[in-house]
Amino acid sequence: MVMRNPLNKRIFREFRSEFGKYAVIFLFMVLTIGLESGDMVASDSMIATCNERYQKYHVENGHFHLKQAMKDKAIEKIEKDDVTIYPDFYVERTYQGKDKKEKKLRIYESRDEINKLCIMDGALPKNDNEIVIDRMFADNNKTKTGDKLTIDGKTYTVSGLVSFSDYTTMFENNTDMMFDSVNFGVAMGTKEEFKTLSEKSLTYNYAWTYNAGDPADDIEEKKWSDDLMDTVVDAAGEGGGATMLGSMLGVLNMDNGIDDYVPRYANQAMNFAGDDLGSDRGSMLAFLYILIAVLAFIFGVTISHTITKESTVIGTLRASGYTKGELFRHYLAMPVIVTLIAAVIGNILGYSYMKQVIADLYYSSYSLPKYETLWNQQAFVLTTVVPILLMFLVTGITLMRKLKYSPLQFIRRDLTKSKRRKAVKLPHFSFFNRFRLRIILQNISGYLTLVFGIFVATTILLFGMMFLPLLDHVSKISRDHMMAKYQYMLKGDAETSNKDAEKFAAYTMNTYMDGYNQEAATVYGIFDDSRYVKTKLPKKGAVITSGMAEKYKLKNGDAFLLKEQYEDKLIRFQVRGILNSPTTIGVYLSHSYYEDLFNVDKDYYCAYFSDSRITDISTNKIFSTITSRDVTKMADQLKVSMGNMFQIVEGFAVVMFILVVYLLTKIILERNSTSISMVKILGYEDGEIGRLYLVATSWVVIFSVLLSFVLVTELIRLIFVAFMKGYSGWIPFGIATNTYVECFILTVISYLVVAAMQMRKIKKVPMDEALKNVE
Amino acid sequence: MFLEINDLKKSFGQGDSRVQVLRGIDLSVDKGEICVLLGPSGSGKSTLLNIIGGIDAPDSGYVSINGEKMVDMTEKRLTRYRREHLGYVFQMYNLIPNLNIKENIEVGAYLSDHPLDIDDLLHTLGLYEHRHKLPNQLSGGQQQRTSIGRALVKNPDILLCDEPTGALDYTTSKEILKLIGDVNSKYGNTVIMVTHNDAIKEMADTVVKLRDGRIRKAYRNENKISAEELEW
């Protein structure tokens, strides 16, 4: 019979004797792995559902609105382009919600063939007084199946809650900067009821699908949809045809009868949620791995300390014939087992509770159809295999370094390479301060580890604390630097009598620079003597926003390129000035230069600045309106949806700080237990010993926190700048002074907690410790 | 001859501070006998024991056990050799604090394919009643018995004892020496024991006296007595 290694019995006992420490480490891992696994499982399952829904619910390849219904002949003509056209008409009605605010419902004609619905609760309407509404909109308005809604004086019963396969996000208009699922929702009644409703007004919306199946990519889709648009424009009988520029901006000539043309790839209501699902995976994984590395590092330090402590035992075992490998496996077992169990429980939690938490998070923002949980191999590898490997690697390297000594060196406790150093000469400080300095110098490796541990914990803490103030700051500067309180982008000409209104030309291009993703940059053509753009614009050359200058590292005199959004044409600009607008990517040109570049008339305009609301332009003619609410919407939305996460990160960091400082100072105290015992024998009181050892540690902690602030700021700046390079827009980096102060106070309080615990430990060191260990 | 040592030399340090610890040792020990290495501090007896045990290497010369020279062995082979043939007892007991007495002995048993019966050994060691206790619940003598048990349980060919009574009082020392003598008769292991206690030589079959790295005197003890009769 093969005997099991009796050393294995120590693992469980070690776990029991240091239960607190391992429980915290274990909990950390379980929660992080669970959250990560839950996120990957939920988001990947939902992404799969999102992708499958195109087939499953027969989702359109695009849609367009006409001013009136198409004749059969026109439909036949379009369908010759190898597409199928489906009428998908709707009416819009408003009603007063429970929050007393006006709610807009877009009620579709009963859908049997195209853009089918996923029933989330209840059933489709059977009677004319029944209606189904979007689940997300219903949740936001506290409406449940069976509730009654009064629309235009008629009361409807909500027979069910649904997810529209073409509305995973409630974008009322495709050009809106942000969705609004509180005040806008989609609904569907019976065929008969729709007839009644449509008597008043009706939107002639037509959906299409390509008979050849879905296009291969966005470029092909763009080509197909552009070709189709020409046919639609022709068939609609009005002639004309939209210009390429118009199609790019979504601006269509009102006279040709089409007032909306949205191919699938450009449909925000359809794509926004899918794009967002799992988009934060990279940062979450980075967070998981940093945590595992820190925990592995703590394990490494603990193991290193244990090996030093058990040196003579190890020497005896090695002398008796235990191999390095056996001891390596023995000491490695604990961290790997803890990680393995944490990964297993974390994954179980991920597939059950956490998946639901994450799914609920997504369901609280998006109107997603029901999803089926899919086995996620990648999640398994990234949340189980990688953490175990990481733990194995970090602790394994420490172990290999520690176990390389010969049995004799272990028996003689001769585990350092360096020879005994001479005592460092210290200045004439007081005795206590010299003693403290000696403690630090004697335990320099332990204290250096502490500095590193604090650095990692402070990085996470500062990271968690800096964002809300940063977002507030971004909101403020975005508002402060708006050119005008209102900015209206028009679909075509539209005159106003508003005295504040000022015309300008605008065109959206893409940035085109090495090392950056392409992003939209608005090119403005500003008329002379503008009251809104006060910077003098040169005859030739461009004035760029400070956000653009900072992001792309452009300065006066530099040249840069912009690219047509859907073509390969490039335009070269030279920077002639920088306009203070830290959060936008924009290029300001004099109107005359704009005319030359884009070949437009000298009085061409397509937008207005205004400090007061323009009320005399029909909303049909306005492509989009930008107000202060719009420019701060992103930061506000981020604050709402991520505020909790930052608090979790902060809490996490504080616990981690306490854990790191506690474990590392514990090791330092244990190493010094003989000296502590000795000074006790000499007659020092616990308080005095505490002052010696804890004050020395306090110095190091405070120094480490302050040093970390400097290093972490630079580190976060680097990460942040690299991160923002891949995203649209710009957020100027900065950590508020208050954040540092709060962070410092938090770390000091955390340290005081640890110091109190360590004081108890000092009190417990017995006096015979010093006598017992003398050999 | 079971154990042969041939012109063994060993020095520590470099340059001016170089100290020659062993200056050419020749020695042979028969299987199953007790060999006591005597000498004052710094005489080289522990270094000699460590080289015999394969945890230190000589500068020149060799140790051969059963005809196999240790200098020719790789580190891996040496570990295997120690595992299969040697048992070690040190002055400090070096027990594993969170394993009980029986488990500490199992740590040794694990290394052997044919270990002794642990309960039987516990009785021989007089530790059977204490087998579930942790080391810190036992006296120094009991802890040293445990460490002897740990070394013996794998039934090694050679039991190497480095000052096994160095940390013990008179009575306990005699108990431990009696135990070593008893197991030598019961299991027939060769015992090589390092000590600076001259009285212990009386229980040996072979006595080797070292000074300054040289053997001053080596002889067979024709009037071997039991450990109980030792006096100092």
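Residues numbered from 1 in each chain as written. Chains lettered and ligands numbered in written order. Predicted model: local features only at pLDDT ≥ 70, side-chain atom pairs only at ≥ 80, totals over all residues.

Points about the overall build of chain A
Each helix and strand in chain A was counted, giving 22 helices and 20 strands. Principal axes of the C-alpha set define a box for chain A whose edges measure 105 × 70 × 45 Å. Counting the 775 residues in chain A, one finds 38% classified as buried. Considering only contacts within chain A whose residues lie at least 6 apart along the sequence, 83% involve residues at least 24 apart. (Helix = DSSP H or I, 4+ residues; strand = E, 2+ residues; numbered from the N terminus. Buried ≥ 20, exposed ≤ 12 C-beta atoms within 10 Å, placed from the backbone. Contact = placed C-beta atoms within 7 Å.)

Quick notes on helix α2 (residues 75-85) of chain B
Turning to α2 of chain B, its buried residues number three or more, namely T79, R82 and H85 of chain B. Here the buried residues of α2 of chain B occupy an arc of 160 degrees about the axis, which is enough to place them on one side. On its buried face, α2 of chain B sits against α10 (311-320) of chain A together with β4 (60-65), β6 (86-89) and β7 (158-162) of chain B. (Arc of directions from axis to C-beta.)

Concerning the interface of chain B and chain A
Listed as interface residues are 24 residues of chain B and, on the opposing side, 22 residues of chain A. Mapped by element, the contributors of at least two residues to the side of chain B that touches chain A are α2, β6 and α3 (101-109) of chain B. Top element by residues in the side of chain B that touches chain A is α3 of chain B. It accounts for 5 residues. Its residues assigned to classes, the side of chain B that touches chain A comprises 12 nonpolar, 7 polar and 5 charged. (Nonpolar A, V, L, I, M, F, W, Y, C, P; charged D, E, K, R; others polar.)

Describing the sheet that holds strand β5 (residues 68-69) of chain B
Whenever strands of a sheet pair, they do so through backbone hydrogen bonds, lying parallel or antiparallel. Residues and elements named next belong to chain B. Strand order in this open sheet of 4 strands is β2-β1-β4-β5, and the pairing throughout is antiparallel. What marks the edges here is a single partner per strand, and that holds for β2 (19-29) and β5. As judged from the 8 bridges shared by strand β1 (residues 3-12) and β2, these two strands associate in the antiparallel manner. What sits directly across from K9, in β2, is R23. Seen against the sheet, helix α1 (residues 45-52) touches β1, β2 and β4 and runs at an angle of roughly 60 degrees to β2. (Pairing = 2+ DSSP bridges. Axes fitted to C-alpha atoms, helices over the stretch in contact; angles between N-to-C directions.)

As for the domain arrangement of chain A
Along its sequence, chain A is organised into domain 1 (90-202), domain 2 (438-480 + 629-775) and domain 3 (486-626). Computed from C-alpha atoms alone, the centre-to-centre distance between domain 1 of chain A and domain 2 of chain A is 52 Å. (Domains from an automatic or database assignment.)

Quick look at the pairing of strand β10 (residues 204-210) of chain A
All names here are of chain A. Of all 7 residues that make up β10, 5 are buried, and the element is covered over most of its length. Pairing of strand β1 (residues 62-66) with β10 involves 5 bridges; the strand directions are antiparallel. Looking at β10, one finds that F64 is bridged to Y206. Across 5 bridges, the pairing between strand β2 (residues 83-87) and β10 is antiparallel. Looking at β10, one finds that I85 is bridged to W208.

Side note on the confidence of the model for chain B
Residues and elements named next belong to chain B. For chain B, the mean per-residue pLDDT works out to 91, and 100% of the residues sit at or above 70. Least confident of the elements in chain B is β5, whose mean pLDDT is 88; most confident is strand β3 (residues 34-38), at 95. Quick note on the complex model: pTM equals 0.73, ipTM equals 0.87. (pLDDT = per-residue confidence, 0-100.)

As for the nonpolar core
Counting 149 residues, the largest nonpolar core has V587, Y588, V660 and V661 of chain A as its most contacted members. Here this core gets 16 residues from one element, more than from any other, and that element is helix α15 (residues 444-480) of chain A. If sequence neighbours within four positions are ignored, V660 of chain A has contacts with I298, G453, I454 and A457 of chain A. Ranked by size, the runner-up nonpolar core spans 76 residues in total, among them V89, I105, M203 and L210 of chain B. (Core = buried A, V, L, I, M, F, W, Y, C linked by C-beta atoms within 7 Å.)

Remarks on the sheet that holds β6 of chain B
Residues and elements named next belong to chain B. Across the sheet, 6 strands lie side by side as β6-β7-β8-β3-β9-β10; this open sheet has mixed pairing. Edge positions in the sheet fall to β6 and β10 (214-220), since each has one partner strand and no second. Shown here is a sheet whose adjacent strand axes are inclined to one another by a mean of 15 degrees, direction ignored. As paired strands, β3 and strand β8 (residues 190-195) are joined by 5 bridges and run parallel to one another. Bridge pairing in β8 links C35 to I192. Packed onto the sheet, α1 meets β3, β7, β8 and β9 (206-211) and runs at close to 150 degrees relative to β8. With respect to the sheet, helix α5 (residues 140-152) is in contact with β6 and β7, its orientation differing from that of β6 by roughly 170 degrees.

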